[in-house]
Amino acid sequence: AFDLTREYTFAESDFSSRYDTRNVAIYGQLDQPLTEKLTAIAGLRFENYQADYDDSEGFTANPEEDLVGGKLGLEYQIDNTRLVYALVSRGYKPGGFNANDEVPEDRREFESESMWNFEIGLKGSFLDGRLIAQAALFYQDREDIQAKQYFAVQDLEVSPVTRFVDFIDNAASGSNYGLETELQYAASDKLSLFAAIGLLQTEFDDFEYFDADGNSISKNGRDQAHAPNYQYVVGGNYLISPKWMLRVDAEGKDRFYFSDSHDQQSDAYDLINARLSYFFNNWEFSLWGRNLNDAEVQTRGFEFGNDPRDGYTSKAYYQLGEPRLIGISANLQF
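Residues numbered from 1 in each chain as written. Predicted model: local features only at pLDDT ≥ 70, side-chain atom pairs only at ≥ 80, totals over all residues. Heavy atoms only, no water.

Regarding the overall build of the protein chain
Let me state the cut-off plainly: Each helix is a run of DSSP H or I of at least 4 residues and each strand a run of E of at least 2, with the numbering of both proceeding from the N terminus. Atoms considered for the radius of gyration are the C-alpha atoms alone. The globule rule reads 2.2 Å times the number of residues to the power 0.38. Classification of residues uses two cut-offs on accessible area relative to the type maximum, computed with a 1.4 Å probe and protein chains only: under 20% is buried, over 50% is exposed, and between them is partly exposed. By definition, residues are in contact when any of their heavy atoms lie within 4.5 Å. We treat Lys and Arg as the positive residues and Asp and Glu as the negative residues; His and chain ends play no part in the count. Throughout, a charge is located at the NZ atom of Lys, the CZ atom of Arg, the CG atom of Asp or the CD atom of Glu.
Looking only at helices and strands, one finds 0 helices and 21 strands in the protein chain. Here the C-alpha atoms of the protein chain give a radius of gyration of 25 Å, more than 25% beyond the 20 Å that 2.2 N^0.38 yields for 334 residues. Principal-axis analysis of the C-alpha atoms places the extent of the protein chain at approximately 70 × 55 × 45 Å. A buried classification covers 32% of the 334 residues belonging to the protein chain. Partitioning the contacts of the protein chain with sequence separation of at least 6, the portion at a separation of at least 24 is 55%. When the 29 positive and 57 negative side-chain charges of the protein chain are each reduced to one mean point, those points stand 9 Å apart.

See the structure below:
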């Protein structure tokens, strides 16, 4: 149980709340060989979730749900170093509530989310063990998506400061599909290369967003928030000598929506990183640099009116990631 008390100097009374949750689950998995190379996998999880909440403003919530998840899969062992698999699984997130009394009454509680995942993949080593690879194709069908949203509250007669009210709401449905792959390649005794690439397509199939004034805004067909169409890391390690090693890598990400409640997007970016390491006994001394190309990375974004010079016209504001950063470090292993 969690008890919270907020003491205010400007209000007539303090705010207090109590939040208690209980989870009871049973789960298991069975791996059954069907042939010498083919194995069936079955897993099941049953969970009962309960929560009790009440606060000094008179809001109470007592959600309770029975939730079921699990998976069915097949693995085929091609040889001692490679396998292919197919998988169907179901996952879930329990529902909950928004305690903030500024959230509209019909948005105070939200339902659980469920997702069916269909996946095929390959794992193994190739080229006499010099190449280690894994790849997966997936399709995900999501129902009652829990979408984090916010709306801005601005009353210029009271204060020019814009307040933000965060809450979680359910989108009706959505889908994700894509490809994930990881590669490690020993090009020589001194040079090793690596790569991780993800391709992703997402969309809302049926989502009506309601702002603070109750206006309905359709998000049907739009990408889900924080879901770039691609992201990657590629690089390599070069052993200059038994005591010196150089690592260089590049990472990047496509543009993405910051939130499901507005249409502001980040810019795509690419970063270059490097590390030169010297090894002495159990010590590692490194000279490193991150974002050596000094790219501007937008990590969070909001849309609201905040500038009196333009009459508090709504526009985008961003939180930025770190710029070019160079440093030295020392690590001791013991």
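Some remarks on a negative patch on the surface
Cut-off, in case you're wondering: Here the term patch refers to residues with relative accessible area over 30% and no salt bridge, with like charges joined within 9 Å and nonpolar side chains (Val, Leu, Ile, Met, Phe, Trp, Tyr) within 5 Å. Method for areas: the Shrake-Rupley scheme with a 1.4 Å probe, in which residue coverage is limited to the protein chains shown. Criterion for a salt bridge: a side-chain nitrogen of Lys or Arg within 4 Å of a carboxyl oxygen of Asp or Glu.
On the surface, Glu109, Glu111, Glu143, Asp144, Glu203, Asp205, Asp206 and Glu208 cluster together into a patch of negative charge. Mapped by element, the contributors of at least two residues to the negative patch are strand S10 (131-153) and strand S12 (191-206). According to the relative accessible area criterion, Glu208 is partly exposed, its value standing at 32%.

Looking at the nonpolar core
This is how the line gets drawn: We define a nonpolar core as any set of buried Ala, Val, Leu, Ile, Met, Phe, Trp, Tyr and Cys residues linked to one another through side-chain atoms lying within 4.5 Å.
Among the nonpolar cores identified, the biggest contains 10 residues, and these are Val103, Ile145, Ala147, Phe151, Val165, Phe167, Ala171, Phe204, Phe207 and Tyr209. Mapped onto this core, the elements with two or more residues apiece are S10 and strand S11 (163-186). With residues up to four places along the chain from it excluded, the contact list for Phe207 reads Ala147, Gln149, Asn170, Ala171, Ile217, Ser218, Lys219, Asn220 and Asp260. In this structure, Phe15, Tyr53, Phe59 and Phe97 belong to the second largest nonpolar core, which totals 5 residues.

Some thoughts on the side chain of Gln298
With respect to the element layout, Gln298 can be found in strand S19 (residues 298-305). Excluding residues that lie within four positions of it along the chain, Gln298 makes contacts with Phe256, Phe258, Gln265, Ser266, Asp267, Tyr318, Gln319 and Leu320.

A short note on a nonpolar patch on the surface
On the surface, Tyr238, Ile240, Trp244, Leu246, Val248, Ile272, Leu287, Leu292, Ile326 and Ile328 cluster together into a nonpolar patch covering about 900 Å² of accessible area. Residue assignment for the nonpolar patch shows that the elements contributing at least two residues are strand S15 (230-241), strand S16 (244-253) and strand S21 (325-332). Residue contributions to the nonpolar patch peak at 3 residues, all from S16. With respect to the helices, strands and loops of the structure, Leu287 is situated in strand S18 (residues 283-290). Taking relative accessible area as the criterion, Leu287 reaches 47% and is therefore assigned partly exposed.

Re the environment of Arg290
Under the convention used in this document: Identification of polar contacts relies on pairs of N or O atoms within 3.5 Å, with a donor-acceptor requirement for protein atoms, meaning one able to donate a hydrogen and the other able to accept it, and with residues adjacent in sequence counted only if both atoms are side-chain atoms.
Relative to the helices and strands, Arg290 resides in strand S18. Separated by 186 residues in sequence, Arg290 and Pro104 place their C-alpha atoms 44 Å apart. When near neighbours in sequence (up to four residues on either side) are disregarded, Arg290 contacts Ile272, Asn273, Glu322, Pro323, Arg324 and Leu325. Side-chain polar atoms of Arg290 contact the side chain of Glu322, separated by 2.8 Å.

A look at the packing of aromatic side chains
Short version of the rule: Ring pairs shown here join Phe, Tyr and Trp side chains whose ring centres sit within 6.5 Å, with only the six-membered ring taken for Trp; geometry is labelled stacked below 30 degrees between planes, edge-to-face above 60, and tilted in between. Put simply, a charge is over a ring when the Lys NZ or the Arg CZ is close to the ring centre, within 6 Å, and near the line of the ring normal, within 35 degrees.
A complete count under the given rule lists 10 aromatic pairs for this structure. Seen in terms of ring centroids, Phe59 and Phe97 are 6.2 Å apart; in terms of plane orientation they differ by 55°. Their pairing is tilted. Of the two residues, Phe59 sits in the loop between strand S3 (38-55) and strand S4 (60-61) while Phe97 sits in strand S7 (residues 96-97), which places them 38 residues apart along the sequence. Accessibility assignment for this pair places Phe59 and Phe97 in one class, buried. With a centroid separation of 5.5 Å and an interplanar angle of 70°, the aromatic rings of Phe256 and Phe258 are classed as edge-to-face. Across this residue pair, the class does not change: Phe256 and Phe258 are buried. Between the NZ or CZ atom of Arg108 and the centre of the ring of Phe59, over which it lies, the distance is 3.9 Å. The residue whose ring lies beneath Arg222 is Tyr257, and the NZ or CZ to ring-centre distance is 3.8 Å.

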